[in-house]
Amino acid sequence: MQKCRLACSLLSALLLLLSCVPAAVDGCDSAQCVCGAAGPGDVVIGIMLPCHHKVRALNERIRPESFHCSDFDLESFMLSLATIHEIEAINAAGFLPGVRLGYLMCDTCSYASKALQNVEHMLAVNMSLHVQCDYTSFRPTVKIILGALYSEVSIAVARLLNVYMVPLLSSTSSSPELSNKPRFPVFMRTIPSDTHQTKALAKIMHHYDWNWVGVVYGDDDYGRAAFQSFLRDAEPNGVCLAYQEMLPHYLDPSDRMQWIRQVANQIRSSSAQVVLLILKAELVDALFREMIRTNTSRTWIASDSWSSSWTLAQMDGINQVGDILGLTFVAGESESFNDYLKNLKATTGGYNHFIEEYKSIRFNCTPECFSNMPPSYCPSKDLLRIKADDACSVTDPQEQNDDYLVHNLDTSKAFSNRVAVWAVANALRKLLKCNSSSCSGEINFPPWKLLKELKNVKFQLDNQSFFFDEYGDFVNGYDLIMWEKGSQHRRFRRIGKYHIFDGRIELIVKNVTWLSTANSTTPQSRCSKRCAPGYLKKILNVSCCYNCTQCLEGTYSDAWDLHVCKKCPDGNWSLKGWTRCEKRHESFLRWSDAHPISMMGAAAFGIVLLFVSFVVFLVCRHSAPMKRAEVRLSCVMMAGLAVSFASVICFMGRPNKSLCQAREVMYAMGFTLCVSCILVKAYRTFLVFLPFSQITCRQLHKLYKPPVIVIVITAVQGIICLLWLMFDSPDIDITPPSPQSMTEIIQCSEGPKYIGFGLMLSYIALLALACFLLAFKGRKVPQEFSETGYIIFSMLMYLFVWVCFIPVYLTNKEERTPVQASAILVSSYGIIFCHFLPKCYEALWASETDTLERILKRWRCFSSRHFDLETKVDKDIPVVDMLSHRNDRFSVSSTTTILSPADSEVVVKPFYNKMIPPYRFSKRLKSEVIRRRRSISF
């Protein structure tokens, strides 16, 4: 059995050698075969990676001749070495007992047509590929192909392999298109689809608050598919495109530079400071050179195709382009692989022309290549950097080794290639029915059987579990890397991870230093400034361009960049531009506030004044001033004013319906009672001192009944208040507060229609006006006989206060309660100061020598009118002589003049039963004198 398998291995190696055809590769002679590396084995694995960047003079190719590749790709070369090393490690570990894995590696040169040519060589049987109608039994030497690097190449190769159902397993091709199983049933990969990558890119932009970005993508299958996927993911993450540019990858250098400059101009002219590049590394290289030339700096977001490109990181002037952030596939270090890179050699029994080419570039002595005019066979300037310093002292370059690849390349990124080899090995172990000692399955199996087993494989590697999902993809997440600034070049640093299953970004390094800000402050790239809490976005043309407007009253925003302001819950409110809702402050005249305390003090002081006045009036009730002031009538006035002052107390505290009704009724009845007494006084003066015809005077005198007048006037006000309480009752004001106010005014409403309130005030005003007019008619009467001046002044004060009150009450809703209380206080104090305090002063401190004669003399100076006095005379009394006695007292009432010398009283009573010629006041007054034992005063 072992001899049979050894013979098969030798036969496979012979077929590999026979499958080689001449190809022109930079740095190699024409004897090299198309597939530049091979290792013998029972089951051969195809490796299809680009060890060179591009195909030379592609636009000049007019014949189906060999492809001329150029620009050795150091990173892809390292990935191919990782695949070869893992195959040799599996063989050395005996993972497939009795079965050796071989490989055949071909260079795609990053070109799909070259890759298709490689497929022909890999699938050829006996140096030919026969056309068949059914390939179910097709058994090529290569059972599976690992590759390709770029999605565009993988798409082309997968379409061809669909015919033969040969599995294609890639570790780098991430185009979402390849997840379409009906179109690409043979394709599988050990990395996530770009569907996840574009979500991760959008999440990163959202995380760093970049919503205004530019996108440049390649005109290939990978670039177009990734760009469309990013468009779908950008909007949910609040990312908008400032511009989108496409770069063809198939143009000549001259035509390509024209496109590069056009894209560079767009980048420079845009306000977007973040640019996403979904390009191959060679196009990024050309774009960065233009950026360096024009000294343009931006924040660059790298797709997986160039996010860890060693060539770009070593570019001259790379530190000038700005910050670079990108996503790479999950990586893992391997010490054994690093040791392998330090001791490069071809597999025993095989060959590796790529290793030979690398060592030739690294260790060959070529000083002429560093001259100003290097020969055509010299590598590019970038590749000359890898030249060893002691190259010219080396005798045999192919025997040399060092650790250059380990120290200058990120070998951990080859982890996905290692995983791919182990996935194949686990599928083969099941297909070949291997146990710990042998494999009993058929070795020369059709490739579709391996594809079937590969879809169901599940294995562990480096403490991680791997399996393919329904789309043939691994979903093991991404690493977030930042290109840190070195002395002249860049180095890669992993700063976080993106977890696919929950869409979460985990930052390992949180405080990174950004080149654009020179500190840990994240650079900004926004179409509009962020809307702070309290504002909302007002979108302009795209969702990322907006104006910030304040939230209206009753709404709020408590976070940045909200599209809609939140509505305040019931019971709360907010003003314009607020970030939260609060309960409205209830406003009413609180007992503890300064203003209510002052008003209560004023009301209490008014009551005290009334009480003091009442005491003085009682004590001095027999004095002349008190007699003229009518003590009983004045006491009634005091009672009314006391009730009016007490109503002010009801304005304090949190109002309720009962208080609202009580304070208005108390004021209405109390002040009406007071004004009715003043009306009686004004009417009395009007009747006594103003002459009328006999009939008119008699009729007016009949109306003068003080108790009746007071009761009737007050009763009318009582009826008004009763009807007011029944049909338009005061209550708590339910008018909603102003949207611009956080104060909820708790106050009384004087009724839904204010009719009762208006009638009440109008009635008092009418009484006050009547008092004013009556007093004004008798304004020339001496103050000693009447209170006309005080009545005029007090009523004017009342009318003025309440006329001012009405517009304030109607226009200033917030101050209605204190304004009304203040109006009550002022009008009440006006009556105190006009009617009571002067009388108290006269009674306590005024001169008692002010006799009736002097009073009449003073009045005669102001009066020019003639009085017609018709009197019935029983006895002539000389008025002046009679009043000259010091002990004489007098009282003037509205209908009688009572002169009381000593203990007797003389009542002077006008009669109107006959006409008497008028007399001047300088003559004697002829009166009917009636003797009485007591004084009668009305």
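Residues numbered from 1 in each chain as written. Predicted model: local features only at pLDDT ≥ 70, side-chain atom pairs only at ≥ 80, totals over all residues. Heavy atoms only, no water.

A.B. asks: Tell me about the packing of aromatic side chains, and name the residues and values.
C.D. replies: The final tally for this structure, using the stated rule, is 37 aromatic pairs. A centroid spacing of 6.4 Å and a plane angle of 40 degrees characterise the contact between Tyr478 and Tyr498, whose relative ring orientation is tilted. In this pair, Tyr478 is assigned in strand E17 (residues 478–485) and Tyr498 in strand E18 (residues 490–499), connecting sequence segments 20 residues apart. Residue Tyr478 shares its accessibility class with Tyr498, and that shared class is buried. With a centroid separation of 6.0 Å and 45 degrees between ring planes, the pair formed by Tyr798 and Trp802 is classed as tilted. With Tyr798 and Trp802 both in helix H23 (residues 788–811), this residue pair falls four residues apart, about one helical turn. Under the relative-accessibility criterion, Trp802 is labelled buried at 6%. Clustering of aromatic rings is evident, with ring pairs tying together Tyr667, Phe671, Trp724, Tyr754, Phe757, Tyr798, Trp802, Phe805 and Tyr809. (Phe/Tyr/Trp six-rings, centres within 6.5 Å; stacked < 30°, edge-to-face > 60°. Helix = DSSP H or I, 4+ residues; strand = E, 2+ residues; numbered from the N terminus. Buried < 20%, exposed > 50% of the residue type's maximum accessible area, 1.4 Å probe, protein only.)

A.B. asks: Outline the nonpolar core, listing residues and values.
C.D. replies: Formed by 98 residues in total, the largest nonpolar core has its most connected members in Phe77, Leu169 and Leu405. The element that contributes the greatest number of residues to this core is helix H14 (residues 415–431), accounting for eleven residues. Among all residues touching Leu405, those that are not within four sequence positions of it are Leu74, Phe77, Leu81, Leu341, Leu344, Tyr358 and Thr411. Listed in part, the 71 residues of the second largest apolar core include Leu610, Leu633, Phe686 and Met795. (Core = buried A, V, L, I, M, F, W, Y, C linked by side-chain atoms within 4.5 Å. Contact = heavy atoms within 4.5 Å.)

A.B. asks: An account of the state of the cysteines is needed here, citing residue identities and associated values.
C.D. replies: Summed over all chains, the structure comprises eleven disulfides. At a sulfur-sulfur separation of 1.8 Å, the disulfide partner of Cys69 is Cys109. Judged by the torsion about the S-S bond (100 degrees), the Cys69/Cys109 disulfide is right-handed. One end of the pair, Cys69, is in strand E4 (residues 69–72); the other, Cys109, is in the loop between strand E5 (101–107) and helix H3 (112–123), with 40 residues separating them in the sequence. Disulfide pairing places Cys365 opposite Cys392 at an S-S distance of 1.9 Å. Across the S-S bond of Cys365 and Cys392 the torsion is about 80 degrees, and the bridge reads as right-handed. Of this pair, Cys365 sits in the loop between helix H11 (353–363) and helix H12 (381–384) while Cys392 sits in the loop between H12 and helix H13 (404–408); the two residues are 27 residues apart in sequence, bridging distant segments of the chain. Judged by its relative accessible area of 39%, Cys365 is partly exposed. With no disulfide of its own, Cys771 has Cys674 as its nearest cysteine by sulfur position, at a separation of 9.2 Å. (Disulfide = S-S within 2.5 Å.)

A.B. asks: Give a description of the environment of Leu610 that names residues and reports values.
C.D. replies: Note on placement: Leu610 falls in helix H16 (residues 594–619). Residue classification places Leu610 among the buried residues on the basis of a relative accessible area of 4%. Those residues in contact with Leu610, other than ones at most four positions away along the chain, are Met638, Leu641, Ala642, Phe645, Ile832 and Phe836.

A.B. asks: Account for the pattern of salt bridges, naming residues and giving values.
C.D. replies: Going through the model one piece at a time under the given rule, you end up with 34 salt bridges. Of the charged contacts in the structure, one is a salt bridge between Glu65 and Arg63, with a shortest N-O distance of 3.5 Å. On the accessibility criterion, Glu65 (33% relative accessible area) is partly exposed. Its relative accessible area of 56% is what places Arg63 among the exposed residues. Across the salt bridge formed by Asp410 and Arg494, the nearest N and O atoms sit 3.6 Å from each other. With Asp410 in the loop between H13 and H14 and Arg494 in strand E18, this pair connects stretches of sequence that are 84 residues apart. (Salt bridge = Lys/Arg side-chain N within 4 Å of Asp/Glu carboxyl O.)

A.B. asks: Just give me the short version of the sheet that holds strand E6 (residues 142–147), but keep the residues and values in it.
C.D. replies: With mixed pairing, seven strands are arranged side by side in an open sheet as E8-E7-E6-E2-E5-E1-E14. If you trace the sheet from one side to the other, it starts and ends with strand E8 (187–189) and strand E14 (351–352), each paired once. On top of the sheet, helix H2 (residues 74–93) reaches strand E2 (43–49), E5, E6 and E14; it is set at about 170 degrees to E5, its chief contact. (Pairing = 2+ DSSP bridges. Axes fitted to C-alpha atoms, helices over the stretch in contact; angles between N-to-C directions.)

A.B. asks: Residues and numbers for the sheet that holds E18, please.
C.D. replies: Overall, mixed pairing links the eight strands, which are arranged E10-E9-E11-E12-E13-E17-E18-E19 in an open sheet. If you trace the sheet from one side to the other, it starts and ends with strand E10 (240–247) and strand E19 (504–507), each paired once. Going from strand to strand, the sheet's axes swing by 25 degrees on average, the running direction of each strand aside. Taken together, the five bridges between strand E9 (residues 212–218) and strand E11 (residues 274–278) define a ladder with parallel strand orientation. Paired with Gly214 across the strands is Val275, a residue of E11. Against the sheet, helix H7 (residues 253–269) makes contact with E9, E10, E11 and strand E12 (299–302), and its axis sits at roughly 170 degrees relative to E10, the strand it touches most.

A.B. asks: Please provide a residue-by-residue account of the packing of H2 against H11, values included.
C.D. replies: Remark: H2 packs on H11, axes separated minimally by 11 Å, with the N-to-C direction vectors making an angle of 140 degrees. Here H11 runs oblique to H2, going by the angle between their axes. Two packed elements cross with a definite hand, and for H2 against H11 that hand is left-handed. Residues Leu74, Phe77 and Leu81 of H2 touch H11, and the partners they reach there are Phe354, Ile355 and Tyr358. When the residues that make up the contact of H2 with H11 are grouped by side-chain class, the tally is six nonpolar, no polar and no charged. (Parallel < 35°, antiparallel > 145°, perpendicular 65-115°, else oblique. Left-handed = near helix turned anticlockwise from the far one by under 90°. Nonpolar A, V, L, I, M, F, W, Y, C, P; charged D, E, K, R; others polar.)

A.B. asks: Give a description of H7 that names residues and reports values.
C.D. replies: Spanning 17 residues, H7 covers 24 Å between terminal C-alpha atoms, matching the ideal 24 Å at 1.5 Å per step. For H7, every residue scored as buried is listed here: Arg256, Ile260, Val263, Ala264 and Ile267. Buried residues in H7, looked at end-on, bunch into an arc of 105 degrees, giving them a common side. Those residues of H7 that are exposed and aimed more than 90 degrees away from the buried face are Ser254, Gln258 and Ser269. (Expected span 1.5 Å × (residues − 1). Arc of directions from axis to C-beta.)

A.B. asks: Just give me the short version of the environment of Thr521, but keep the residues and values in it.
C.D. replies: On the secondary structure map, Thr521 appears in the loop between E19 and strand E20 (535–539). For Thr521, a relative accessible area of 45% gives the class partly exposed. Separated by ten residues in sequence, Thr521 and Asn511 have C-alpha atoms that sit 8.6 Å apart.

A.B. asks: Lay out the packing of H16 against helix H24 (residues 816–845) with the relevant residues and their values.
C.D. replies: Between H16 and H24, the least distance of the axes is 10 Å, while the angle of their chain directions is 25 degrees. When the interaxial angle is binned, H16 and H24 end up roughly parallel. Crossing of H16 over H24 shows left-handed handedness. Contact residues: His595, Met599, Ala602, Ala603, Phe605, Gly606, Leu609, Leu610, Ser613, Val616 and Phe617 in H16; Pro818, Ala821, Ser822, Leu825, Tyr829, Ile832, His835, Phe836, Leu837, Lys839, Cys840 and Leu844 in H24. For the contact of H16 with H24, the residue count by class is 17 nonpolar, five polar and one charged.

A.B. asks: Before we move on, can you summarise the pairing of E2 with the specific residues and values?
C.D. replies: In terms of residue burial, E2 counts as a mostly covered element, since seven of its seven residues are buried. Residues of E2 alternate between two faces, with Val43, Ile45, Ile47 and Leu49 on one and Val44, Gly46 and Met48 on the opposite face, all of them buried. One ladder, built from seven bridges, connects E2 with E5; its direction is parallel. When the sheet's bridge partners are listed, Leu49 is paired in E5 with Asp107.

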